Amino acid sequence: MVLTPHVPSVDAEQARFLANELRGVGRMRGHANGRVTKRMHARQSRLLIELALPRAIAIAENYLLVSATRQIKPDLLATAPPPNPPDHDTQRLRQCARDFQKLVRLWQSEFGVDLTTLSSWADFDEARHLRHVLVHRLGMWQPGIDSAHPSLRHRLEQVAANPDTYRGEVPIAATELQVGIATVLGVVTEADQSLS
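I will try to describe carefully the structure that is included in this document.

Reading the values: rules and limits
Residues numbered from 1 in each chain as written. Predicted model: local features only at pLDDT ≥ 70, side-chain atom pairs only at ≥ 80, totals over all residues. Heavy atoms only, no water. Helix = DSSP H or I, 4+ residues; strand = E, 2+ residues; numbered from the N terminus. Rg over C-alpha atoms; globule rule 2.2 N^0.38 Å. Buried < 20%, exposed > 50% of the residue type's maximum accessible area, 1.4 Å probe, protein only. Lys, Arg positive; Asp, Glu negative; His and termini not counted. Charge placed at Lys NZ, Arg CZ, Asp CG, Glu CD. Phe/Tyr/Trp six-rings, centres within 6.5 Å; stacked < 30°, edge-to-face > 60°.

1. Looking at the overall build of the chain
Phase 1: Each helix and strand counted, the chain has 7 helices and 2 strands in total.
Phase 2: Going residue by residue from the N terminus, the α and β elements of the chain occur as α-α-α-α-α-β-α-β-α.
Phase 3: What you see for the chain is a C-alpha radius of gyration of 21 Å, clearly larger than the 16 Å of a compact globule of 196 residues, by over 25%.
Phase 4: Along the first, second and third principal axes, the C-alpha atoms of the chain reach 60 × 50 × 40 Å.
Phase 5: Here the chain holds 196 residues, and 34% of them are scored as buried.
Phase 6: Once the 23 positive and 21 negative side-chain charges of the chain are each reduced to a mean point, those two points are 9 Å apart.

Printed below as a string of structure tokens:
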């Protein structure tokens with residue numbers, strides 16, 4: 001029996017390329033002579049934003065969940081094991097940990113805070129949609145898989161005459177991370193003040 005070598009698919013090759021690209025995060029390697037090209041620097045900068053922006057968004061989501069937990073069932077944040085079997089509040093909070101919209105509704109029902117009316121919320125919501133593309137599509141737009149949030153559609157119109165047929169990187173500005181962090185801090189500050 002003759003074994004033929006496996007020829008990786010185009011998708012597997014892209015995955016391999018993207019995984020190898022991550023190896024350079026945090027260390028700017030250049031060519032053999034040590035030079036870092038502008039293109040390499042631009043790729044590393046984009047990749048760092050793609051990695052850090054989702055964490056920034058998660059900071060606000062984590063705040064909303066942990067803060068709600070501290071109000072509803074603070075024992076879940078203690079070093080003691082959670083109740084087994086989980087009680088009603090534990091089950092509700094665990095559902096909120098898996099479904100962000102349930103967390104938003106919990107804030108409304110438990111604390112009377114409509115998070116969607118916070119002044120930073122629209123920008124936060126836009127950043128959450130961008131995060132979805134950065135995390136689940138590796139920054140690449142796939143119109144057949146994802147539906148375009150209006151803010152994403154606006155981004156795509158910057159690089160494509162027809163966003164419905166565009167396949168490629170979602171545009172990210174160099175200032176995206178700093179804007180995202182400011183948005184996250186705005187949501188946390190406003191939500192925290194509304195609990196006082």
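2. As for the packing of aromatic side chains
Phase 1: Evaluation of the coordinates by the stated rule reveals 5 aromatic pairs.
Phase 2: Ring geometry for F100 versus W121: centroids 6.1 Å apart, planes at 5°, classification stacked. Within this pair, whereas F100 is found in helix α4 (residues 100-111), its partner W121 is found in helix α5 (residues 121-136), the two being separated by 21 residues in sequence.
Phase 3: Summarising the aromatic geometry, the rings of W121 and F124 are spaced 5.2 Å apart at their centres and angled 55° between planes, so their arrangement reads as tilted. You can see W121 and its partner F124 sitting in helix α5, 3 residues apart, about one turn around the helix. The burial state of W121 is the same as that of F124; both residues are buried.

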